[in-house]
Amino acid sequence: MKKFKLFFILSLVTMFVSCNDALDIVQEGEIDNEATFQSVDDLRNFLVADVYPRVGITNEIDLSAVFTDEVGIGINNGGQGLELHRYVLNANSGHASSIWLGKYALINRVNRLIQASNTITPADANEQLEMNSILAEARVLRAWAYLQLETYFSTDMSDDNALGVMLLDFVPSVDVQLPRVANSQIYDLMEADLAYGEANLSTNSTINPFAGDYKYVTPNLINAIRARFYLYRKDYVQAQTYALNAINGALPSNTVTYNLMWNDLAQGETIFAASRPSAGSWGNIAGLFFFNTTSLTGGCFHDMGRNLFNLLDAYPSDVRRVNWVDATSTIDPTYATNSNYVTSDVLVINKYPGKASQPLRNDIKLFRLSEMYLILAETYVGGTTVNLSAAANQVQAIRTARGTGQTLPSYATPQEAWADIMLERRKELCFEGHRYVDIKRLGALAGNMSIDRNATDDEVSGTPLTLPLTDHRFTLPIPQNEIAGNVSIQQNPNY
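Please read these numbers as outputs of a predicted model, since none were measured by experiment.

(A) Quick peek at the overall build of the protein chain. For the protein chain, the count of helices and strands is 19 helices and six strands. Whereas a compact globule of 495 residues would reach a radius of gyration of roughly 23 Å, the protein chain reaches 22 Å, a difference of no more than 12%. Projected onto its principal axes, the C-alpha coordinates of the protein chain cover approximately 70 × 50 × 45 Å. Looking at the protein chain as a whole, 59% of its 495 residues are labelled buried. Total accessible area computed for the protein chain in this model is approximately 18,100 Å², and 51% of it derives from carbon and sulfur atoms.

(B) Spatial organisation of the nonpolar core. Membership of the largest hydrophobic core comes to 137 residues, with the highest contact counts inside it found for Phe67, Tyr146, Phe153, Phe367 and Phe431. Broken down by element, the residue count for this core peaks at 15 residues, all from helix α7 (residues 125-153). For Phe431, the residues in contact, after removing those within four places along its chain, are Ile61, Ala65, Glu70, Val71, Phe289, Met304, Leu308, Ile349, Lys351 and Tyr352.

(C) Spatial organisation of the environment of Asn362. By the element assignment, Asn362 lies in the loop between α14 (341-344) and β6 (364-368). Among the residues examined, Asn362 registers a relative accessible area of 0% and is labelled buried. Apart from the residues lying within four places of it in its own chain, the contact partners of Asn362 are Trp262, Asn263, Asp264, Arg276, Ile285, Tyr352, Pro353, Gly354 and Lys355. Side-chain polar atoms of Asn362 contact the backbone oxygen of Trp262, separated by 3.2 Å.

(D) Spatial organisation of the environment of Ala356. Structurally, Ala356 can be placed in the loop between α14 and β6. A relative accessible area of 92% places Ala356 in the exposed class. Distance in space between the C-alpha atoms of Ala356 and Ser278 is 8.2 Å, their sequence separation being 78 residues.

(E) Highlighting the packing of helix α8 (residues 183-200) against helix α9 (residues 219-232). Two numbers describe how α8 lies on α9: the axes approach to 10 Å, and their chain directions differ by 160 degrees. Comparing the axis directions of α8 and α9 gives the class roughly antiparallel. The interaxial crossing formed by α8 with α9 has left-handed handedness. Facing Tyr187, Met190, Glu191, Leu194, Ala195, Gly197 and Glu198 of α8, the residues of α9 in contact are Ile222, Ile225, Arg226, Phe229 and Tyr230. In the contact of α8 with α9, the residues fall into eight nonpolar, one polar and three charged.

(F) Just a nonpolar patch on the surface, in detail. The grouping of Val256, Leu260 and Leu265 at the surface amounts to a nonpolar patch, some 280 Å² of accessible area in total. Counting through the fold element by element, Leu265 comes out in the loop between α11 (255-262) and β4 (270-274).

(G) View of the state of the cysteines. Within the structure shown, the criterion is met by zero disulfides. No disulfide involves Cys300; its sulfur sits 15 Å from that of Cys430, the nearest cysteine. Judged by its relative accessible area of 0%, Cys300 falls in the buried class.

(H) Expanded view of the pattern of salt bridges. With the rule as written, the count across this model stands at 36 salt bridges. Among the salt bridges present, the one from Asp318 reaches Arg320, with a minimum N-O distance of 2.8 Å. The pair Asp318 / Arg320 is uniform in exposure class, with both members buried. Ionic contacts of the salt-bridge type, sharing partners, join the residues Glu269, Asp318, Arg320, Lys351, Arg368, Arg399, Arg402, Asp420, Glu424, Lys427, Glu428 and Glu432 into one network.

(I) Geometry of unusual backbone geometry. Although it is not a glycine, Tyr87 sits at a positive phi angle of roughly 70 degrees. With respect to the helices, strands and loops of the structure, Tyr87 is situated in the loop between α5 (82-85) and α6 (94-117).

(J) Geometry of the packing of aromatic side chains. What the rule picks out here adds up to 20 aromatic pairs. Ring centres of Phe37 and Phe46 lie 4.9 Å apart, and the angle between their planes is 75 degrees; on these two criteria the pair is classed as edge-to-face. On the basis of relative accessibility, which here comes to 3%, the residue Phe37 falls in the buried class. Phe46 gets classed as buried once you look at its relative accessible area, which sits at 5%. Ring centres of Phe229 and Tyr230 lie 5.1 Å apart, and the angle between their planes is 35 degrees; on these two criteria the pair is classed as tilted. Here the aromatic cluster, defined as three or more aromatic residues joined through ring pairs, consists of Phe67, Tyr87, Tyr152, Tyr436 and Phe474. The residue whose ring lies beneath Arg306 is Tyr335, and the NZ or CZ to ring-centre distance is 3.7 Å. When the ring centre of Trp324 is taken as reference, the NZ or CZ atom of Lys351 above it lies at 3.8 Å.

Definitions and cut-offs
Residue positions are counted from 1 within each chain, in the order its sequence is given. Only residues with pLDDT of 70 or above have their local features reported here, since the model is predicted, and side-chain atom pairs are shown and tallied only from 80 upward, although totals for entire chains, interfaces and linings are computed over all residues. Think of the side-chain values as coming from all heavy atoms in the structure, minus any hydrogens and water. Going along the chain from the N terminus, every DSSP run of H or I of four or more residues is numbered as a helix, and every run of E of two or more is numbered as a strand. All radius of gyration figures rest on C-alpha atoms, and the globule criterion is 2.2 Å times the number of residues raised to 0.38. Relative accessible area decides the class of each residue, using a 1.4 Å probe on protein chains only: under 20% of the type maximum gives buried, over 50% gives exposed, and in between gives partly exposed. Using a 1.4 Å probe, accessible areas were evaluated by the Shrake-Rupley method; residue-level cover was limited to the displayed protein chains. To define a nonpolar core, start from buried Ala, Val, Leu, Ile, Met, Phe, Trp, Tyr and Cys residues and group those joined through side-chain atoms within 4.5 Å. In this description, contact between two residues means that some pair of their heavy atoms is separated by no more than 4.5 Å. Under the rule applied, a polar contact is a pair of N or O atoms within 3.5 Å (in protein, one hydrogen donor and one hydrogen acceptor; residues adjacent in sequence only if both atoms are side-chain atoms). Lines fitted to C-alpha atoms define the axes, with helix axes restricted to the stretch in contact, and inter-axis angles between N-to-C directions lie between 0 and 180 degrees. Orientation is classified from the angle alone, with under 35 degrees giving roughly parallel, over 145 giving roughly antiparallel, 65 to 115 giving roughly perpendicular, and any other angle giving oblique. Helix crossings are classified by the rotation of the near helix relative to the far one: an anticlockwise turn of less than a right angle makes the crossing left-handed, while a clockwise turn makes it right-handed. Residue polarity is assigned by list, with Asp, Glu, Lys and Arg as charged and Ala, Val, Leu, Ile, Met, Phe, Trp, Tyr, Cys and Pro as nonpolar; anything else, Gly included, falls into the polar class. Like-charged residues within 9 Å of one another, or nonpolar side chains (Val, Leu, Ile, Met, Phe, Trp, Tyr) within 5 Å, are grouped into patches, provided each residue has over 30% relative accessible area and no salt bridge. One side-chain nitrogen of Lys or Arg within 4 Å of one carboxyl oxygen of Asp or Glu is enough to make a salt bridge. We call a pair of cysteine sulfur atoms a disulfide whenever their separation is within 2.5 Å. Ring pairs shown here join Phe, Tyr and Trp side chains whose ring centres sit within 6.5 Å, with only the six-membered ring taken for Trp; geometry is labelled stacked below 30 degrees between planes, edge-to-face above 60, and tilted in between. Any Lys NZ or Arg CZ found within 6 Å of a ring centre and within 35 degrees of that ring's normal is scored as a charge over the ring.

Here it is in structure tokens:
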């Protein structure tokens, strides 16, 4: 893994995205474990200061939004994201590099913490429980990192024998070169990590000072990770079990609470969020779309995709329409025929409204309760026993909570159900990094639904508005820097 440092430097030079989640993997000798880890407190400090900050999906959100149909080219675009928006995705693409590097950086940090724990003898039984709980948090985060890697780099997560990613469960030497392994080998490690987390994570605040805090690992996060993990594997029985476990209450219908969640003033229905406090040199999530503020005059280089806006605008009372489209937007009813649509039709994205002293910065919501409802809906359609009415109830629960005023849907066929679930995921989970993955997972089941752009999403006429579902770019390439530095690794097809 010696090549990772060069890889990281090149990424910083070549990428326009602020890759705050793609932190450098530490090289052999950079951390002296004897000096760094002398007590259980040192393990906790390392977990909080060096592991949790590496948890994030900024690059996944940007990839999904720009490559698919969530954004259009904004009024202040100076070239930001144009290649990705025009489907240029290859082994030299920065997003693939940043996701790969960022997740292996997190995994390597966890491995170092686990290795260091073997040198520490707890003073008493309570300290042993504390150390076990620290390791539980770390291993759950490692499982999540592998879930992200598998999601983007495996051609088919539902095939245990398909090629996965590199299995790294130890602290590597500088010259180690690892091949990719079968999905099943990655899954075995993930299962072991999640089982360890479930068995050892303490909910006692005297042992775990962050017990119950949604910005740290909780039992419900483990349920949510497992629900998504099994869903992507098409193990609908287990996905349903863990989604039900994760749903610890009804979706709040109070729009005030919902808005407070997006302003980072309340947990709301967030199961887990990556903390991005106002102080410090964190990344700014809304900086994926704006230069200055989330407003018409804030330097909008990406605005909301027109077809996504039309879906939200169909129900004016929908709290998502009210809040995720900023009031400063200019909405042109003649956008389809107006040659000046770039300036006349600016749909300002306000899903991440910022913090008081950091207008572009918000905590990053990785798991929310509404996703669990949508996972449940999928399990009722994809499972051995199909229950279309139960799936409809899950979708309707979200629409009711958002105040759309829609009536309960009725599905005549599984394909209709898949299409409606995909539609609701498109609206509910927009700008959260799901759309790219959902098209790959669900598009064929939903009647060949792929990227759905409006012609006004790009200022250059003739730009393709979609891609076939069989396109190889719905799986990311192994980054060229990894290929160049690791002769053992195999590239994904057609790259």
